[in-house]
Amino acid sequence: MRIKEHVILGQEEATKMVEITVDGKKLMAKEGEPILAALLAENIIINRYTVKRKEPRGLFCGIGQCTDCAMVVNGKPNVRTCITPVEQGMVIKTQYGVGEGGGEK
Ligand code: FES
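- Under the annotation held in an unreviewed UniProt entry, the protein chain carries the name (2Fe-2S)-binding protein and is attributed to Sinanaerobacter chloroacetimidivorans.

Here you go:
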């Protein structure tokens, strides 16, 4: 779900759409928007699971400070999706524990 018209911000501007892959599913996202915004538009709210207790985490601060939105992006774990812009062809995966190649999952 996206806001198309806002009382203060006005009409949504036309933006180039690009294809990304999230946990194996192809999605369309606005180029340059935060990955997290693209995921929320698709009702994807869980970004990672904690290392010890395997608890789900998602949007919390939204400004790159808490790491609750960390995901594996193009094979790199711990990418804070709230401050990382969408690019064509990105491969994004839910992060389990410390992520791929980082030990415990
Ligand atoms: S939501 Fe806190 S770093 Fe992204």
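Once you've had a look at it, read on.
**Regarding the sheet that holds strand β10 (residues 95-96)**
Working definition: the strands of a sheet are paired by backbone hydrogen bonds and lie parallel or antiparallel to each other.
Then comes step 1: Reading across the sheet, the 3 strands line up as β6-β5-β10 and stay open at both edges, with mixed pairing between neighbours. Every other strand in the sheet has two partners, leaving β6 (56-57) and β10 as the edge strands with one partner each.
Then comes step 2: Of the strand pairs in this sheet, strand β5 (residues 48-49) and β6 are connected by 2 bridges, and their pairing is antiparallel. Bridge assignment links Arg48 to a residue of β6, and that residue is Arg57.

**With respect to unusual backbone geometry**
Then comes step 1: Residue Asn43 is not a glycine yet carries a positive backbone phi of 60 degrees.
Then comes step 2: Locating Asn43 in the fold gives a position in the loop between α1 (35-41) and β5.
Then comes step 3: For Asn78, which is not a glycine, the phi torsion comes out positive at approximately 65 degrees.
Then comes step 4: Positionally, Asn78 belongs in strand β8 (residues 76-80).

**Considerations on the pairing of strand β3 (residues 17-22)**
Then comes step 1: Of the pairings in the sheet, the one linking β3 to strand β4 (residues 25-30) comprises 6 bridges and is antiparallel in character. Within β4, the position partnered with Met17 by the bridge is Lys30.
Then comes step 2: Linking β3 back to β4 in an antiparallel pair, the connection comprises 2 residues, with Asp23 at a positive phi of about 50 degrees.
Then comes step 3: Inspection of the sheet shows β3 paired to strand β9 (residues 91-93) by 2 bridges, in the parallel sense. Paired with Val22 across the strands is Ile92, a residue of β9.

**Comments concerning the sheet that holds β9**
Then comes step 1: The strand order β4-β3-β9-β7-β8 describes an open sheet built from 5 strands, whose pairing is mixed. Unpaired on one side and paired on the other, β4 and β8 mark the two borders of the sheet. Shown here is a sheet whose adjacent strand axes are inclined to one another by a mean of 40 degrees, direction ignored.
Then comes step 2: Judged from the 3 bridges that link them, strand β7 (residues 70-73) and β8 form a sheet pairing that is antiparallel. Counterpart to Ala70 in the pairing with β8 is Arg80.

Quick notes on the rules
Residues numbered from 1 in each chain as written. Predicted model: local features only at pLDDT ≥ 70, side-chain atom pairs only at ≥ 80, totals over all residues. Pairing = 2+ DSSP bridges. Helix = DSSP H or I, 4+ residues; strand = E, 2+ residues; numbered from the N terminus. Axes fitted to C-alpha atoms, helices over the stretch in contact; angles between N-to-C directions.

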